[in-house]
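# An overview of the molecular structure
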Amino acid sequence: MSPQFLYSSASSNSSQIIESLLNLERSATYPSVDFFAGKRTLTTLHSNPSQLFAATSFPKTLNLTSSELHLFTLLKSTPTPPSNTLRVAGGWVRDKILSTLPLPSPVTSRLSHRPSLTQTSPVDIDIALSSVLGVTFASNFKELAGSTSSRVGVVGLNPEKSKHLETATMTFGSFYLDFVNLRTDTYTGSRIPDVKFGSPREDAFRRDLTINSLFFNLESMEVEDYTGMGLRDLRDGIIRTPLSPVETLLDDPLRVLRAVRFASRLRFEICRELREAVGEEEVRKALREKVSRERFGRELDLIMSSDDPVGGVRLIVNLNLEESVFGRRIGRGESVLQKAWEVLENEEWQEEGRRRLWYASALVEGMETQDGKNVMKDMLKLPGKETEKVHIIQQTSKKFLELLEQGGDVIATALLMDGVKVEGFEGDRTDPIWKEAMEMRFRLAQILRYGGSSWRDGFVLATAERLAALDLHLTDESLETREDEENAEMQRFEALQAAIVELDLTNVAKLQPLLNGEEVKRILPGLPRGPGFRTVLDGQMKFMIMNPGVGREEVEGWMEEEFESFKYDV
């Protein structure tokens, strides 16, 4: 079977545009099913792809950057036997095609994040070799590239991490390069295959998805589609397996989650045959028995680190995979995650904070119990430190919600209306309004200091929990009523947020005591070590929070007066 050549690169007539893809018809039709059902809806596929792509054409060239051209020229200049053909495989080819699709188009218009291959961050490129070992070729390339490349590393065989052939790795400029041989896999009951060197066609068909089976041939500078489906599925926004879905999933059941990840990342639709295969009992049994919890955790972490964790989790729920992935139903976690994503949709947020917030949102139900913590630790095999940080986000959210239930937003609103502001305050500190403000300052500070660097994540989670609860209780209300209720809820959190700013608390989590333990012991020599010592230290912090801008002498004076009985060593 010869590959389909859709378009080439380095053509002498690179400005030409090839004919529309209208003549590339589907071999099968797919029902329009919205597996992202919810507020963030997916534009569903039309039954007639010709109507969708009437105005869509692909450029004849892969618009390679100068860095890519330089890399590929060096690769082609590397000494190698004539029988060896160099191909770029997999993800780079897929993303390169998607990143150069004309805009607007039915696929790119629904991409939650258009794949970027800019040189501002390292780009992974897999080089598939037909007849030379990866280490041999990489060593020859290193000699040619010289100091612009790193030393050659070797990733040995490790079937448990899906490394079935030795891989040579190195960096070159802004590229991470992997050199591996074309291969064919044969499964005989275990998820670990018998791997042998193979042809391009065999290598393409053993891959997880058609969109990941494309090659870019560095000799002909053409895209190769040996399955005959990869380019069409990229065009149509379809997630499909090269072989029978059941066969592919039984070979390695984790491909179920890989399909979910790419569908959510690219906003593609999982084809009907693959969805049906996921529901087969033998596939679900294989997923339970053949996939380690570590592999589940790694794949889910990639989904949570992606640009569309909401779509990924929604697919897990809609494909009835919750118990396989999380070990239990996540209940309201799906809607809380949706709301958290909406709150942060246009906000800049620290990447690690986002990922932990997504976990905290999706797993919010039951996480206050030890069983809930075990979901992350035992079922997903996340490090204990990560589990604890997610738990802190959830507990911080709980504390904010408790403050709201106690009327914290009402107090915050009243203080704001009275014009209370800590920075530059020179008024009467005995004024009842100021005292009430400082009491509120301390209550908020306790929450923020508990949350530490994650207090903002906890605040967002609390907001998301309240908005999700509204959705649950207002299912029969009109859109106008729902919007009014949602705006009212948001105003409660905005009042707290404004109070945090006006009471100068944004960095209170970093506040350090003015007097350390040794200094406290000097001032209060009769103070014994133990719980009493902690009481003094905590009291010092409360005094500092309720008296912003206080100095060391004032703290010493307060401490001597407050704990006078410990001023003398007994």
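Residues numbered from 1 in each chain as written. Predicted model: local features only at pLDDT ≥ 70, side-chain atom pairs only at ≥ 80, totals over all residues. Heavy atoms only, no water.

### Points about the overall build of the protein
Here is the rule we go by: Helix and strand assignments come from DSSP, with helices taken as H or I runs of at least 4 residues and strands as E runs of at least 2, each series counted from the N terminus. For every residue, the accessible area obtained with a 1.4 Å probe (protein chains only) is divided by the maximum for its type, and the residue is called buried under 20%, exposed over 50%, and partly exposed between those limits. Should any heavy atoms of two residues lie within 4.5 Å, those residues are considered in contact. Accessible areas in this description were obtained via Shrake-Rupley with a 1.4 Å probe; residue shielding takes into account the shown protein chains only.
A tally of regular secondary structure across the protein gives 24 helices and twelve strands. Counting across all 570 residues of the protein, residues that qualify as buried make up 50%. Taking as baseline every contact in the protein between residues at least 6 positions apart, the subset at least 24 positions apart corresponds to 72%. Carbon and sulfur atoms make up 49% of the accessible area of the protein, which amounts to about 26200 Å² in all.

### As for the nonpolar core
This is how it is decided: Here, nonpolar core refers to any group of buried Ala, Val, Leu, Ile, Met, Phe, Trp, Tyr and Cys residues whose side-chain atoms link them within 4.5 Å.
Of all hydrophobic cores here, the largest spans 92 residues; its most connected members are Phe72, Leu75, Ile125, Phe141, Phe179, Phe216 and Ile239. Per-element tally for this core: the top contributor is helix H8 (residues 255-266), with seven residues. With 31 residues, the next largest nonpolar core counts Leu415, Trp434, Ala495 and Ala499 among its residues.

### Here we look at helix H3 (residues 91-99)
When you tally the buried positions in H3, you get eight out of nine residues, the bulk of the element. Here H3 has its buried residues at Trp92, Val93, Arg94, Asp95, Lys96, Ile97, Leu98 and Ser99.

### A closer look at the packing of helix H15 (residues 351-362) against helix H17 (residues 384-405)
Note the threshold: The axes used here are C-alpha line fits, helices contributing only the stretch in contact, and every angle between their N-to-C directions lies in the interval 0 to 180 degrees. Oblique is the label for any angle not covered by the other classes, which are roughly parallel (under 35 degrees), roughly antiparallel (over 145) and roughly perpendicular (65 to 115). Three classes are used: nonpolar for Ala, Val, Leu, Ile, Met, Phe, Trp, Tyr, Cys and Pro, charged for Asp, Glu, Lys and Arg, and polar for all others, with Gly counted as polar.
Close contact between H15 and H17 brings their axes to 9 Å; oriented N to C, the two are set at 70°. Comparing their axes, H17 and H15 come out roughly perpendicular. From H15, Glu352, Arg355, Arg356, Leu357, Tyr359 and Ala360 reach across to H17, where they touch Glu386, Lys389, Val390, Ile393 and Gln394. In terms of residue class, the contact of H15 with H17 is made up of five nonpolar, one polar and five charged.

### Side note on the packing of aromatic side chains
What counts is decided by this rule: Stacked, edge-to-face and tilted are the three classes for Phe, Tyr and Trp ring pairs, Trp counted by its six-membered ring, which pair at centre distances within 6.5 Å; planes under 30 degrees apart are stacked, over 60 edge-to-face, the rest tilted. Over a ring means this: the NZ of a Lys or the CZ of an Arg is within 6 Å of the ring centre and within 35 degrees of the ring normal.
Using the criterion set out here, one finds eleven aromatic pairs in the structure. Considering the side-chain rings of Phe72 and Trp92, the 5.5 Å spacing of their centres and the 90° angle between planes classify their relative orientation as edge-to-face. With Phe72 in helix H2 (residues 66-77) and Trp92 in helix H3, this pair connects stretches of sequence that are 20 residues apart. The buried category is assigned to Trp92, whose relative accessible area is 2%. Joined through ring pairs, the aromatic side chains of Phe137, Phe141, Phe172 and Phe179 make up one cluster. If you follow Arg261 out to its NZ or CZ, it ends over the ring of Phe262, 4.8 Å from the centre. One Lys or Arg, Lys399, reaches over the ring of Tyr450 and ends 4.8 Å from the middle of that ring.

### Thoughts on the side chain of Ser213
Test applied: Any pair of N or O atoms that falls within 3.5 Å is considered a polar contact. Within protein, one atom must be able to donate a hydrogen and the other to accept it, and sequence-neighbouring residues count only if both atoms are side-chain atoms.
The residue Ser213 is located in the loop between helix H5 (200-205) and strand S9 (215-217) in this model. What makes Ser213 buried here is its relative accessible area of 0%. Polar side-chain contacts of Ser213 include one of 2.6 Å to the backbone oxygen of Thr210. Those residues in contact with Ser213, other than ones at most four positions away along the chain, are Ala204, Arg207 and Thr227.

### Thoughts on empty space enclosed by the protein
As a reminder of what qualifies: Of the two site types, the cavity is a set of points on a 1 Å grid over the protein atoms alone where a 1.4 Å probe fits but cannot get out, and the pocket is an open set with protein on both sides within 12 Å along at least five of seven lines, each lined by residues with an atom within 4 Å of a point. Grid points are joined across faces, edges and corners, and a volume is the space filled by probe spheres set on the points.
By the definition in use, this model includes one cavity of 30 Å³ or more. Considering only enclosed or pocket space, the largest cavity measures out at about 40 Å³ in volume. For the lining of the largest cavity, the elements supplying multiple residues, two or more each, are H8 and helix H9 (272-278). A per-element tally of the lining of the largest cavity places H8 first, with four residues. Looking at side-chain class alone, the lining of the largest cavity contains eight nonpolar, no polar and two charged residues.

### Regarding the pairing of strand S2 (residues 86-89)
Just so we agree on the cut-off: One requirement defines pairing of two strands: DSSP has to find at least two bridges between them.
With burial as the criterion, each face of S2 is covered, one bearing Leu86 and Val88 and the other bearing Arg87 and Ala89. The pairing of S2 with strand S3 (residues 123-129) spans four bridges and is antiparallel. Within the sheet, the bridge partner assigned to Ala89 lies in S3 and is Asp126.

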